[in-house]
Amino acid sequence: MDTLDTRLTRQLDLRCPIVSAPMAFAAGGALAAAVTRAGGLGLIGGGYGDAAWLEQQFALAEGERVGVGFITWSLAKQPGLLDTVLRHRPRAVMLSFGDPRPFGDAIRAAGAALFCQCQDMTHVRQALEAGAIAIVAQGTEAGGHGALRGTLSFVPEVADHLAAHAPDTLLLAAGGIADGRGLAAALMLGADGVLMGTRFWATHEALVKPTHHGAILAADGDATLRTRTPDIVRQLPWPPGFTARIRRNAFTQRWHGREDALQAALDVETPRYRDAWEAGDIEQAAVWFGEAAGLVHAIEPAAEVVRRTVNEAFERLRTAPS
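Cut-off values and rules
Residues numbered from 1 in each chain as written. Predicted model: local features only at pLDDT ≥ 70, side-chain atom pairs only at ≥ 80, totals over all residues. Heavy atoms only, no water. Helix = DSSP H or I, 4+ residues; strand = E, 2+ residues; numbered from the N terminus. Rg over C-alpha atoms; globule rule 2.2 N^0.38 Å. Buried < 20%, exposed > 50% of the residue type's maximum accessible area, 1.4 Å probe, protein only. Contact = heavy atoms within 4.5 Å. Areas by Shrake-Rupley, 256 points an atom, 1.4 Å probe, with all protein chains shown as cover. Lys, Arg positive; Asp, Glu negative; His and termini not counted. Charge placed at Lys NZ, Arg CZ, Asp CG, Glu CD. Axes fitted to C-alpha atoms, helices over the stretch in contact; angles between N-to-C directions. Parallel < 35°, antiparallel > 145°, perpendicular 65-115°, else oblique. Left-handed = near helix turned anticlockwise from the far one by under 90°. Nonpolar A, V, L, I, M, F, W, Y, C, P; charged D, E, K, R; others polar. Polar contact = N/O pair within 3.5 Å; in protein donor to acceptor, adjacent residues only side chain to side chain. Pairing = 2+ DSSP bridges. Arc of directions from axis to C-beta. Core = buried A, V, L, I, M, F, W, Y, C linked by side-chain atoms within 4.5 Å. Right-handed = clockwise from strand over helix to strand, strands pointing away.

Novice: Help me out: how do you make sense of the overall build of the protein in this one?
Specialist: Across its full length, the protein holds 16 helices and eleven strands. By the compact-globule yardstick of 20 Å for 322 residues, the protein fits well, its C-alpha radius of gyration being 18 Å. Counting only C-alpha atoms and orienting by the principal axes, one finds that the protein spans roughly 55 × 45 × 40 Å. When the 322 residues of the protein are sorted by exposure, 58% land in the buried category. Sequence separation of at least 24 residues holds for 64% of the intrachain contacts in the protein that already meet a minimum separation of 6. Accessible surface for the protein amounts to roughly 13300 Å². Of this, 51% is attributable to carbon and sulfur atoms. Side chains of the protein give 30 positive and 35 negative charges; the mean places of these two sets differ by 0 Å.

Written as structure tokens, this is what we have:
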């Protein structure tokens, strides 16, 4: 495998500038460990904060130096969970979707690198105040939760801001990146590496139902939309401004644009949705992938994704016009 040397690889002692996203319910210890063994940095998805599940996933990481990511507004409801995780000495902790400042001191004191995923410039400024060593600039193309900024303009804007105000802070690009072309483009935009979600969601190690993997192989980049419907039906109090990018299906066709009606029908729709999720029903429950679906053509080992992405990026950068 070729290598790409960036500030990210040097500062975190990696062989390639690739981080796997801490996708809730999908990014477990096996996936994080596979990405780390391949030379990147794997993150376990802390999601909404199940302590027993997190303990299990750190055990499945088998001692690899993985990291972990949290939904920040949910972590704020059970802050003791952070202390539990920090006892595993994660290489990095990524905070997303909420104010990271109350947690920055504890993360740094434990020797973990603080990553903050940001969706706008206000988030970036909060992350710098929290002492983040890395900003993850997430574009709206990303699967799962996000906001409105596009990757292509947001990443260089953040790069310019960091150059002017926090030049030692690392920058990762996220949203719609699934191959070496995306990695090469991110580096050209001023990033030090990438955070990839959808592409690692489509790997053998991801905790994803076979029917959901089948859905991404049949999809293209037009197959998703941003919507509040899965959060409403699961009765999760997501803050305003964040929506979920999921696959278009019968559930979204029925309820997207009719959110008030869905809210009024939760006594029926919530148990129906939960049953569909457990059954792997790709039409009646959310399937969580992003616009990069159109770049996914096989379910593969995570190490192969890392290897090919680095090799493709190296070749693109080597042969690009000077």
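The structure having been displayed, the exposition proceeds.
Novice: When you look at the packing of helix α9 (residues 180-188) against helix α16 (residues 302-319) in this model, what are you seeing that I'm missing?
Specialist: In a packed pair of helices, the relevant descriptors are the angle between the two axes and the axis-to-axis distance. Relative orientation of the contacting elements α9 and α16 amounts to 55 degrees, with a least axis distance of 7 Å. When the axes of α9 and α16 are compared, the pair comes out oblique. For the pair α9 and α16, the sense of crossing is right-handed. Between α9 and α16, the residues in contact are Gly180, Arg181, Leu183, Ala184, Leu187 and Met188 and Thr309, Val310, Glu312, Ala313, Arg316 and Leu317, respectively. Of the residues assigned to the contact of α9 with α16, the class counts are seven nonpolar, two polar and three charged.

Novice: What's the story with the side chain of threonine 227 in this structure? I'm lost.
Specialist: In this fold, threonine 227 is placed in strand β10 (residues 224-227). The buried category is assigned to threonine 227, whose relative accessible area is 2%. Engagement of the side chain of threonine 227 in a polar contact is seen with the side chain of histidine 256, the distance being 2.9 Å. Contacts of threonine 227, omitting those with residues within four sequence positions, involve Thr243, Ala244, Ile246, His256 and Glu259.

Novice: Even after reading the chapter, I still don't get the sheet that holds strand β11 (residues 243-247), so can you show me in this structure?
Specialist: The pairing of strands in a sheet happens through backbone hydrogen bonds and is either parallel or antiparallel. Taken together, the three strands give an open sheet; going across it, the order is β7-β11-β10, and neighbouring strands pair in antiparallel fashion. One side of each edge strand has no neighbouring strand; the edge strands of this open sheet are β7 (144-146) and β10. Geometrically, the sheet is characterised by an average inter-axis angle of 30 degrees between neighbouring strands, direction not taken into account.

Novice: Explanation requested: helix α3 (residues 51-60) in the structure shown.
Specialist: Structurally, the α-helix is built with 3.6 residues per turn, so residues lying three or four positions apart point the same way. The set of residues buried in α3 consists of Leu54, Gln57 and Phe58. Buried residues of α3, viewed axially, fall in a sector of 100 degrees; they line one side. When the buried face of α3 is taken as reference, the exposed residues oriented beyond 90 degrees from it are Ala52 and Ala59. Two or three places before alanine 52, at the opening of α3, aspartate 50 has a side-chain oxygen 3.2 Å from that residue's backbone nitrogen. Glutamate 62 occupies a position one or two residues after α3 and carries a positive phi of about 55 degrees.

Novice: Just checking my understanding: could you explain the nonpolar core for this structure?
Specialist: Burial of nonpolar side chains together is a common tendency in soluble globular proteins. Core analysis: the largest hydrophobic core is formed by 104 residues, its most contacted members being Phe70, Phe115, Phe200 and Trp201. When near neighbours in sequence (up to four residues on either side) are disregarded, phenylalanine 115 contacts Leu8, Leu12, Val19, Leu41, Ala92, Val93, Met94, Leu95, Ile133, Ala134, Val136 and Leu172. Ile71, Phe97, Trp238 and Phe242 belong to the second-largest nonpolar core, a separate cluster that totals six residues.

Novice: Help me understand the pairing of strand β6 (residues 134-138), please; the structure alone is not making it clear to me.
Specialist: In terms of burial, β6 is largely enclosed, as five of its five residues are buried. Judged by which residues are buried, β6 turns out to be covered on both faces: Ala134, Val136 and Gln138 on one side and Ile135 and Ala137 on the other are all buried. Across four bridges, the pairing between strand β5 (residues 113-118) and β6 is parallel. Bridge pairing in β6 places cysteine 116 opposite isoleucine 135. Once the chain exits β5 it traverses helix α7 (residues 121-130) before rejoining the sheet at β6, and the crossover so formed is right-handed.

Novice: Would you explain α9 in this entry?
Specialist: Looking at α9, one finds that the buried residues are Gly180, Gly182, Leu183, Ala184, Ala186 and Leu187. Buried residues in α9 make contact with β1 (18-20), β8 (170-174), β9 (193-196) and α16. Glycine 190, located one to two residues past α9, shows a positive phi value of around 110 degrees.

Novice: Just checking my understanding: could you explain the packing of α7 against helix α8 (residues 151-165) for this structure?
Specialist: As a packed pair, α7 and α8 sit with axes 11 Å apart at the nearest point and diverge in direction by 40 degrees. With respect to α8, the axis of α7 lies oblique. The handedness of the crossing between α7 and α8 comes out as right-handed. Counting all contacts with α7, which are made through Met121, Val124, Arg125 and Leu128, the residues of α8 involved are Phe154, Glu157, Val158, His161 and Leu162. The class makeup of the residues in the contact of α7 with α8 is six nonpolar, one polar and two charged.

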